[in-house]
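One letter stands for each residue in the lines below.
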Amino acid sequence: MEPWDNQLDSNDSQETVVIDTDGEVIFYPNLFSIQESDRLFSELDSSVKWRHDTIHIYGKKIPLPRLTAWYGDEGKSYIYSGIEQHPEPWNSTLRLIKLKAEEISQITFNSVLINLYRDGKDSVSWHSDDEPELGENPIIASISLGGTRRFSLRHKTSKDYKIDIDLPKGSLLLMKGETQHFWKHQIAKTAKSVEPRINLTFRVIKPVLNKENKI
Ligand SMILES: O=C(O)CCC(=O)C(=O)O
Ligand SMILES: [Fe+2]
């Protein structure tokens, strides 16, 4: 039996409400133990097909400040930076993590976007996960492994609403309801020395109408 085959223990049920206004964000600090987290980190670090994508801004090619990968059910493609992306098929480690995320979230996910923050210079800038293929009120389960990084949320119109939360290894942050309409989030760069971090955001990709109004 693998360590992560355990039933939910009492630690798993700890939860903190991070946001309950204009959306819902809930933090579960101990989805995986430290030992399980370290093992999952090294398995994913070596097995994931990491990409270093570039984005095009004002005619310039800019490498993303992190490595990424996308895994999911076959046939769930989505348009990202104007390019149709096809997911890699699930591997066994990702399936196990997905099951744990689904137990907590009470929803079946069909894809995961994975980020590798190699050091403190890697980051993700302010954004909402509001692509049409995620649907009206997406449920996103975000799992952290490796070094702790600070996750910030800020309300789009009420400038005083701002929350920072450190995401340690083994934790899960659940974003749901209207969160993506009203809030943006980021992982800022840091000058502190930090261990590499892997973040997995499990999502449900829905069919969307394309230009010819076909699914
Ligand atoms: O690394 C994180 O915790 C957040 C990643 C994120 O926001 C995203 O991939 O959309
Ligand atoms: Fe995001």
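Residues numbered from 1 in each chain as written. Chains lettered and ligands numbered in written order. Predicted model: local features only at pLDDT ≥ 70, side-chain atom pairs only at ≥ 80, totals over all residues. Heavy atoms only, no water.

**Regarding a nonpolar patch on the surface**
Nonpolar side chains collect at one region of the surface, where I57, Y58 and I62 lie side by side and expose about 350 Å² of accessible area between them. By secondary structure assignment, the location of I62 is in strand β4 (residues 60–63). Of the residues examined, I62 reaches a relative accessible area of 34% and is grouped as partly exposed. (Patch = residues over 30% accessible without salt bridge, like charges linked within 9 Å, V, L, I, M, F, W, Y side chains within 5 Å. Areas by Shrake-Rupley, 256 points an atom, 1.4 Å probe, with all protein chains shown as cover. Salt bridge = Lys/Arg side-chain N within 4 Å of Asp/Glu carboxyl O. Helix = DSSP H or I, 4+ residues; strand = E, 2+ residues; numbered from the N terminus. Buried < 20%, exposed > 50% of the residue type's maximum accessible area, 1.4 Å probe, protein only.)

**A closer look at the UniProt feature "domain: Fe2OG dioxygenase" (unreviewed entry) in the protein**
Those places that UniProt annotates as "domain: Fe2OG dioxygenase" (unreviewed entry) correspond, in this numbering, to residues 108–206. Structurally, residues 108–206 comprises 4% helix and 48% strand, and the distance from its first C-alpha atom to its last is 12 Å. (UniProt positions renumbered as here; feature names shortened; annotations may be inferred.)

**A closer look at the site of ligand 1**
Around ligand 1, the structure places 13 residues, and the nearest of them are N115, Y117, H185, R197 and R203. Interatomic distance of 3.1 Å between a side-chain N/O atom of H127 and an oxygen atom of ligand 1. Of all the elements in the fold, those that place two or more residues in the shell around ligand 1 are β8 (111–117), β14 (183–187) and β15 (197–203). (Near = heavy atom within 4 Å. Polar contact = N/O pair within 3.5 Å; in protein donor to acceptor, adjacent residues only side chain to side chain.)

**Quick word on the confidence of the model for the protein**
Per-residue confidence for the protein gives a mean pLDDT of 90; residues scoring 70 or more make up 88%. Under a pLDDT of 50 for its full length, residues 1–10 has, in the predicted model, 17 contacts with residues more than four places off or in other chains. Reported confidences for the modelled complex are a pTM of 0.90 and an ipTM of 0.99. (pLDDT = per-residue confidence, 0-100. Contact = heavy atoms within 4.5 Å.)

**Let's talk about unusual backbone geometry**
The phi dihedral of D22 is positive, around 55 degrees, even though this residue is not glycine. Tracing the chain through its elements places D22 in the loop between β1 (16–19) and β2 (24–28). Overall, the relative accessible area of 28% leaves D22 in the partly exposed class. For Y58, which is not glycine, the phi dihedral falls at a positive 50 degrees.

**So, the sheet that holds strand β10 (residues 140–146)**
In spatial order, the strands read β1-β2-β13-β10-β15-β8-β5; together these seven strands make up an open sheet with antiparallel pairing. Two strands in the sheet have a free side with no partner beyond their single neighbour: β1 and β5 (67–72). Neighbouring strand axes in the sheet, compared pairwise and without regard to direction, differ in orientation by 20 degrees on average. In terms of strand pairing, β10 meets β15 through six bridges, oriented antiparallel. Its bridge partner lying in β15, L145 is registered against I198. (Pairing = 2+ DSSP bridges. Axes fitted to C-alpha atoms, helices over the stretch in contact; angles between N-to-C directions.)

**Notes on the nonpolar core**
Ranked by size, the top nonpolar core spans 29 residues in total, and within it I114, I143, L172, L200 and F202 carry the most contacts. Contributions of two or more residues to this core are made by β2, α1 (34–47), β5, α2 (92–105), β8, β10, β13 (172–176) and β15. Per-element tally for this core: the top contributor is α2, with four residues. Look past the residues within four positions of L200 in its chain and what remains in contact with it is L44, L94, I97, V112, L113, I114, A141, S142, I143 and L145. The next biggest cluster of nonpolar side chains, apart from the first, holds 15 residues, and it includes V25, I165, M175 and W183. (Core = buried A, V, L, I, M, F, W, Y, C linked by side-chain atoms within 4.5 Å.)

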